[in-house]
Amino acid sequence: MRREPPQRLAHYGPLFFPAGMLTVFFVVPFATMIAVSFFQRQQGGFYTPAFVFDNYARFLSLFFGKVLGFSLFLAVAVAVACVVIGIPFTYLLSRSARKIQIVWLVALLSILSLSEVMIGFAWSTLFSRTAGITNLFVWLGLMAQAQALTPSFGAVMTAMTYQAFPYTVLVLYPALVRLDPTLTEAARTLGASPVKAFLTVVVPALRNTILATLIMVFIFALGSYLLPQLLGRPQHWTLSVLITDQAIYQSNMPFAAAMAVFLVLVSLALVGLALYAGQQRQAK
Amino acid sequence: MSGLNLSHVTKQFGTFTAVNDVSLSVPDGTFVCLLGPSGCGKTTLMRMIAGLDLPTGGSIELAGADITKVPTHKRDLGMVFQSLALFPHLTVGENIAYSLRIRGVAKDVQKKRIDELLAMIHLPGFADRSVAKLSGGQRQRVAIARALAISPKLFLLDEPLSALDAKLREAMQVELRQLQQRLGITTIVVTHDQREAMTMADTVVVMNGGEIRQAAPPVDIYRRPADSFVADFIGQTNLLPVVPDGAGRASVLGEVVEGIALPTGAAKGTLSVRPEDVQLTAPGHGAISGTVTFVRDLGGAIETFVEAGGTQVIAVCSPRNRPDVSVGQSVGIRLDPATSVVLAR
Ligand SMILES: Nc1ncnc2c1ncn2[C@@H]1O[C@H](COP(=O)(O)OP(=O)(O)OP(=O)(O)O)[C@@H](O)[C@H]1O
Ligand SMILES: [Mg+2]
């Protein structure tokens, strides 16, 4: 097929619709948010157009620094957990019978239909003292007494990993299915045990996919604000929780906007860094 | 007992038998070609030798030890896959040294071995190249070098040359055979190209339907096929019915041929005659009579198709003794008992 570069403006036609959607639903709101972040806050929940750095200055405190640090740490931890569990899981899934694959994929897809609220309450019930899984452990004789597992960091991690896991599998699945199964067989004939073959062949051969998955889950987890509140203590609250709090309950739009802009910039910087590191290793 | 020994090896997939009761003995240092039509179980047999599939019956012995259930990575073998399976994330050198790295061999020893192997496959200085940027023949050589890095006891290759063009394939066949002789390594190659098998092998194993039909040196396979399948599969042949005449003597296409007998204990048989062993003469005088139906001059050889007693017989001559025949002409066919084989089935 011959491909020519577009000659006239009309040839760009097919791009107008997505470009328009992107402008209306992404560029405009984001620009508005950046603008608002420089506005002056008025008592009583209003703000007036201005160009002040107060909102950013207020953010640069130890408290918000800690919250930002925790948010990034939590997002990274969830991304790593998802990928560490997801790669072997998806690898085994891609090597199993077609029927089993379909059942698992449908089950995983159905998790996507659950809202964050439902996931949060389901896990808080599962982790509760009165109706939680610890009762099962007591019944099995593994535990002496039922206890509450929430609120805790572990509960937040578990629920967030659960929520992001289907996305992880869906991104990894096509790459693992396409991976030539004779690669691991070749590794085995060369003296690698199945586990070693997995670690020295499958994982490195999928490095780019794994990096992309890490970034995706990281960004996804960064936006989570319900699960940390439902399952964590205040010290487990993320920046997204504080942004929601400021925007909705404190009616401080300019400050919320400033925090959101900051969060976007920091995460963009981290993603850029990860991509850069990935490219450096590839060039080597 | 040394070498590789397969006894009654069987592999079933569900109710389907892919490899059926195969017994084979491969002495140390021999080059064996597994030859057969598509789907006859060659790959399955090789995968069982490699330990990638477990037999459902029988046992495999290597250098006196039963390895039937030993996992692949403990068998110390080298295998070249049809897809080559070079690791895309590693360089040529890293690919070759993979088995050494897995075994924890020191870096400088690895480096020496890489250089040795690259010299052996005529690709010196390629260690730091990416495998994606190699040509087909070069990838082939790298896969061979990778499999030989640890000097394995057994070298297995599954259709290693099928992706190469005809010219390169011929050159690689010779190279592979020379390499094997130099290293003296026991080698098994799967192929469905009989020319390839004849070029390389000490022993050709002809398989069909999951069974071994004949295992013998190439010349014997060609000159003394065990059955009509082998005769037909290896090279071109004429398969002619042998039936008893009124007096109980063996008759081929209506003529009793001196020196040819029915197979012992069988009411009828099949005679395999290579086209180059068929002589065309004047009709009569005890020759099988037939009619020329088609003549083609292939440059290096002339093929004459003769219809005799309802069967087509092909005769091949070199251009120097060009037969003086034309289509529609009656001719006589003479068979030499020394170069024909009577087969029971
Ligand atoms: N995993 C499997 N499950 C079911 N049947 C199989 C499996 N692997 C192979 N078979 C069947 O076993 C038979 C032998 O297959 P095999 O791959 O050994 O043939 P082959 O001789 O190597 O053929 P080719 O020359 O086409 O590579 C085939 O009929 C194939 O369909
Ligand atoms: Mg095969």
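Residues numbered from 1 in each chain as written. Chains lettered and ligands numbered in written order. Predicted model: local features only at pLDDT ≥ 70, side-chain atom pairs only at ≥ 80, totals over all residues. Heavy atoms only, no water.

## Things to note about the side chain of A:Gln101
All names here are of chain A.
Item 1. Within the element layout of this structure, Gln101 appears in helix H4 (residues 98-112).
Item 2. Given the relative accessible area of 5%, Gln101 is considered buried.
Item 3. Not counting the four nearest positions on each side in its chain, Gln101 is found in contact with Leu93, Ser94, Arg95, Ser96 and Tyr173. (Helix = DSSP H or I, 4+ residues; strand = E, 2+ residues; numbered from the N terminus. Buried < 20%, exposed > 50% of the residue type's maximum accessible area, 1.4 Å probe, protein only. Contact = heavy atoms within 4.5 Å.)

## Comments concerning the packing of aromatic side chains
Residues and elements named next belong to chain A.
Item 1. Applying the stated criterion to the full structure yields 22 aromatic pairs over all chains.
Item 2. With centroids separated by 4.8 Å and ring planes inclined at 25°, the aromatic side chains of Phe38 and Phe51 adopt a geometry described as stacked. Here Phe38, found in the loop between helix H1 (13-37) and strand S1 (40-41), pairs with Phe51, found in the loop between strand S2 (47-48) and helix H2 (54-59); they are 13 residues apart in sequence, far enough to count as distant.
Item 3. For Phe38, a relative accessible area of 16% puts it in the buried group.
Item 4. Overall, the relative accessible area of 58% leaves Phe51 in the exposed class.
Item 5. Ring centres of Phe39 and Tyr47 lie 5.9 Å apart, and the angle between their planes is 40°; this geometry places the pair in the tilted category. (Phe/Tyr/Trp six-rings, centres within 6.5 Å; stacked < 30°, edge-to-face > 60°.)

## Quick look at helix H4 (residues 107-120) of chain B
All names here are of chain B.
Item 1. Here H4 spans 20 Å end to end across 14 residues, near enough to the 20 Å set by a 1.5 Å rise per residue.
Item 2. Taken as a whole, H4 has its buried residues at Gln110, Arg113, Ile114, Leu117, Leu118 and Met120. On an axial view of H4, the arc spanned by its buried residues comes to 150°, and they lie on one face. Seen from the buried face of H4, the exposed residues on the opposite side, beyond 90 degrees, are Asp108, Lys111 and Lys112.
Item 3. Looking at the buried residues of H4, the elements they touch are helix H2 (92-96), helix H3 (98-102), helix H5 (136-148) and helix H6 (166-183).
Item 4. Backbone geometry just downstream of H4 places His122 in the positive-phi region, at approximately 60°. (Expected span 1.5 Å × (residues − 1). Arc of directions from axis to C-beta.)

## Some details on the interface of chain A and chain B
Interface size is often expressed as the accessible area that is lost when the parts come together.
Item 1. If you look at the interface, chain A gives 19 residues, while chain B gives 21 residues.
Item 2. In total, chain A and chain B occlude about 1,700 Å² of area from one another, counting both sides; carbon and sulfur atoms represent 64% of this.
Item 3. A:Glu185 is the partner of B:Arg47 in a salt bridge, and the nearest nitrogen-oxygen pair spans 2.7 Å.
Item 4. Counting every contact that joins chain A to chain B gives six residue pairs in polar contact (both at pLDDT 80 or more).
Item 5. Within the residue set of the side of chain A that touches chain B, elements represented by two or more residues are helix H8 (182-189) and helix H9 (194-205) of chain A.
Item 6. Partitioning the side of chain A that touches chain B into residue classes produces ten nonpolar, five polar and four charged. (Buried area = accessible area lost by both parts, 1.4 Å probe. Salt bridge = Lys/Arg side-chain N within 4 Å of Asp/Glu carboxyl O. Polar contact = N/O pair within 3.5 Å; in protein donor to acceptor, adjacent residues only side chain to side chain. Nonpolar A, V, L, I, M, F, W, Y, C, P; charged D, E, K, R; others polar.)

## Here's the deal with the pattern of salt bridges
Item 1. In this structure the tally under the stated criterion is 13 salt bridges over all chains.
Item 2. The residue B:Asp202 makes a salt bridge to B:Arg177 at a minimum N-O spacing of 2.7 Å. Here B:Arg177 lies in helix H6 and B:Asp202 lies in the loop between helix H7 (194-200) and strand S9 (203-208), a separation of 25 residues in the sequence.
Item 3. Judged by relative accessible area, which is 28%, B:Asp202 ranks as partly exposed.
Item 4. In this structure B:Arg177 comes out as buried when scored by relative accessible area, which is 13%.
Item 5. Residues joined in a network through salt bridges with shared partners are A:Glu185, B:Arg47 and B:Asp53.

## Observations concerning the site of ligand 1
All names here are of chain B.
Item 1. Around ligand 1 sit Phe13, Phe16, Ala18, Ser38, Gly39, Cys40, Gly41, Lys42, Thr43, Thr44, Glu159 and His192, and those are all the residues in its vicinity.
Item 2. The contact in question runs from an oxygen atom of ligand 1 to an N or O atom on the backbone of Gly41, over 3.0 Å.
Item 3. Lys42 is positioned such that a nitrogen or oxygen atom in its side chain is 2.8 Å from an oxygen atom of ligand 1.
Item 4. Contributions of two or more residues to the shell around ligand 1 are made by strand S2 (16-26) and helix H1 (42-50).
Item 5. Element by element, the count of residues in the shell around ligand 1 is highest for H1, at three residues.
Item 6. Taken together, the residues of the shell around ligand 1 break down into four nonpolar, six polar and two charged. (Near = heavy atom within 4 Å.)

## Overview of the domain arrangement of chain B
All names here are of chain B.
Item 1. On domain assignment, one finds that chain B holds domain 1 (4-228) and domain 2 (237-343).
Item 2. A C-alpha centroid distance of 40 Å is found between domain 1 and domain 2.
Item 3. A per-residue breakdown of the area domain 1 buries against domain 2 is headed by Tyr222, Arg223 and Ser228, which together make up 59% of the total.
Item 4. Taking the shortest distance from any N to any O, the salt bridge between Asp277 and Arg223 comes out at 3.4 Å.
Item 5. On the surface where domain 1 and domain 2 come into contact, there are four residue pairs in polar contact (both at pLDDT 80 or more).
Item 6. With three residues, helix H8 (residues 218-223) is the largest single contributor of residues to the side of domain 1 that touches domain 2.
Item 7. When its residues are assigned to classes, the side of domain 1 that touches domain 2 shows four nonpolar, one polar and three charged. (Domains from an automatic or database assignment.)

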